[in-house]
Structure formats: structure tokens, C-alpha cells
Amino acid sequence: MVSPNEVRRLVRFSEKKALISVKEGNKNLRIELLAGDAFEKELRNYITKWFDLNRDLNPFYDQLNNSSLSYMTKDFYGLRMVGIPDLFEAICWCIIGQQINLNFAYKIKRRFVEAYGDKLSYEGVDFYTFPQPEQLSMVTMNDLKEMQFSRQKADYILTLAKTFIQGGIDQDSLSSRTSVERKSELLKLKGVGEWTANYVLMKTFGEMGSIPFGDIGLFKALENHQIITDRKDRKKIEQFFESFPGWGGYLTLYLWRSLANSDSSAL
DNA sequence: GGCCAGGACTCAA
DNA sequence: TTGAGTCATGGC
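None of these values were measured; they are calculated from a predicted model.

Reading the values: the criteria
Every chain's residues receive numbers from 1 upward, in the order its sequence appears when written. Chains carry letters and ligands carry numbers; both start at the beginning, A for chains and 1 for ligands, and go up in the order they are written. Predicted model: local features are reported for residues with pLDDT of at least 70 only, side-chain atom pairs are reported and counted for 80 or more only, and whole-chain, interface and lining totals are derived from all residues. Heavy atoms from the whole structure form the basis of all side-chain values; hydrogens and water molecules are not counted. A run of H or I in DSSP becomes a helix once it reaches four residues, and a run of E becomes a strand once it reaches two; helices and strands are each numbered from the N terminus. What the globule rule says is 2.2 Å times the number of residues to the power 0.38, and the radius of gyration is computed from C-alpha atoms. For every residue, the accessible area obtained with a 1.4 Å probe (protein chains only) is divided by the maximum for its type, and the residue is called buried under 20%, exposed over 50%, and partly exposed between those limits. Two residues qualify as a contact provided that any one of their heavy atoms is within 4.5 Å of a heavy atom in the partner residue. With residues, only the protein chains shown are counted as cover, and all accessible areas are computed by Shrake-Rupley using a 1.4 Å probe. Asp and Glu are treated as the negative residues and Lys and Arg as the positive ones, with His and the ends of the chain left uncounted. For charged residues, the charge sits on one atom: NZ in Lys, CZ in Arg, CG in Asp, CD in Glu. By definition, pLDDT measures how confident the predictor is in each residue, and it falls between 0 and 100. Note: two strands are recorded as paired if DSSP finds a minimum of 2 bridges between them. Patches here: salt-bridge-free residues with over 30% relative accessible area, like charges joined within 9 Å, nonpolar side chains (Val, Leu, Ile, Met, Phe, Trp, Tyr) joined within 5 Å. A pair is scored as a salt bridge if a Lys or Arg side-chain nitrogen falls within 4 Å of a carboxyl oxygen belonging to Asp or Glu.

This paragraph deals with the overall build of chain A. For chain A, the helix and strand inventory stands at 13 helices and 6 strands. In terms of overall dimensions, chain A is globule-like: its C-alpha atoms have a radius of gyration of 19 Å, near the 18 Å expected for 267 residues. Counting over 267 residues, chain A shows a buried share of 46%. Within chain A, contacts between residues at least 6 apart in sequence are counted, and of these 57% link residues at least 24 apart. Element-wise, carbon and sulfur atoms account for 47% of the exposed surface of chain A, whose accessible area totals about 14500 Å². Charged side chains in chain A number 36 positive and 34 negative. The centres of these two groups are separated by 3 Å.

Attention now goes to the confidence of the model for chain A. Looking at chain A as a whole, the pLDDT averages 93, with 97% of positions reaching at least 70. Put simply, strand S1 (residues 2-3) is where chain A has its lowest mean pLDDT, 86, and helix H2 (residues 58-65) is where it has its highest, 97. Per-residue pLDDT stays below 50 along residues 262-267; that stretch engages in 7 contacts with residues further than four places along the chain or on separate chains.

Judged from the 7 bridges that link them, strand S3 (residues 16-24) and strand S4 (residues 29-36) form a sheet pairing that is antiparallel. Residue pairing across strands places serine 21 opposite glutamate 32, the latter belonging to S4. With antiparallel pairing between neighbouring strands as the criterion, S3 and S4 make up a hairpin whose turn holds 4 residues.

A cluster of nonpolar side chains, Leu29, Ile31 and Leu53, forms an exposed patch at the surface whose accessible area comes to about 220 Å². Structurally, leucine 29 can be placed in strand S4. Exposure remark for leucine 29: the relative accessible area of 36% places this residue in the partly exposed category.

Structure follows, in C-alpha cells:
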């Protein structure tokens, strides 16, 4: 649940679940455990990763100020990458969002989460965790198709869940690998192409040098800023990103943000 | 009503 | 390795 100055979310910590509230404080965030169970340290770590709080954005702003996008340091000041700490969730979300408009993607995701996630009701509102791979073990193609997944996407998701259950991919072991190894492991998964792999590196593993090439929104923003004229001109895009070494992910985030002041697609 | 969405896969040449 | 076809449906 997101309201103007508070975010509530049901989060899973191994076997425990916790409904947490994050509010804007004076100069910091106020975290509250509304229901469930969690250690303070777990909460702190989770929130830090979720909102990418440990990152010093000043080097990025220096680079922006040296570019044609310097207005962003003012207009979007303080905007941080909202991560997806759970790997399975991140990949599923990418698959759902592939090639369909975001509103529709949100709808499908909601149906999926409400059907298979764990529920906790608080103050009359139902909160859900994102389903774990094990919670999908009995789910069929038809179940997902009824939620308006395409056949391909239903297949990707169910295959992905199986791969997780069988240990074919593991977030902890991936964390200790190099970026290149991580990406090649991700690309082995059915339904994961370059766009998804880079998106996951950025959102889950905090690799801010990773850029979701091929992203429609990114193309649009680059065109709007007269940085490219041809979407197939990958060289030109790479050249532009080269002036932001290590910050390609944030640059993408800020470019997404520039697309729409009225929606939340940047998140 | 047509075209495009935060892509990825298959198959042909 | 490049390009066209396919998936599926909502939103404008």
C-alpha cells in the first residue's frame, strides 16, 4: 500500500512475516513494525536495500551536472532506485511486464499475488507477500492463462519456479559471483533476455552500472532529449552512457522519471 | 479500429 | 547473426 507519505508492505524474512510501515521523518525514515515478527536488524537491512539508502548520489549528480541533463539534479533530486530484493519476484515481474503496457502488467501481477501469496489483514486492508516458488508447485498453465498470462509467460513463470525449487538458481550463491557470471546465469533461464537480466542486476543486486538495453521507455526518453534519433543505434546509446560510468542504472531511472510526471512508471 | 506496450523465442536464410 | 513472425490483450 502506497500513500503520499507512507508505504506499507508485507515482507517475508525466512519463515517469519512482517508488515512494515515506512514514513518520511524529519531527516530520515521512520520504520514501524505494524504486525508480524522481525528483528530490528533484519528490518533495517531490508529497508536499506529496498530504497538503496547506502548509496551516495553526489558522484552521479556531478556527472549529470556535466551533461545536457543537469536539470535532473534539481527536478528529481533525491530520487532513489526502489529495488526488488527478492530474486524470484524480480524475474517474475520482468516476465509479466514484457511487451505489455504497465497498467495491464500491474493488473496481472495483482491477480497473481492475491491468488498465491500469503495474506495478512490489517486495519481492514489485505496485504500479500509475493508468492514463493514452492507456492506455485501445484499451479497449472490454465490457472495462469485464466489470469490473462499468455501461454509463453505462463510457461516461463512455471518453469522458473521449478528451476528455483530444484536449486537450479539461487540468490545467495549468485550474490557471491561476479557481475558477468551473474548475468550469464540469468540469461540461461527461459524467458530471460538481455533486458530482463540487466533489469534484475540493477533492481535485485544493486548493480547500478547495468542498463536495460532495448527498453522502450529508455528509447523514448533518449529521443525526447534528442540524444538518439535511431533506436537501433546502440553504439550511440552506449557512447552516451559511457559518460556516466557506474551509474547507467540511475541514469535509466532518471530518464524513465522524465517520461511522465503523472505516473509511477519510474518505480 | 489500428497501433503500440518497460521482450523473448523460434525459425528461416 | 539478422530479420520476420508470434505471443495476447489493454489503452489510447
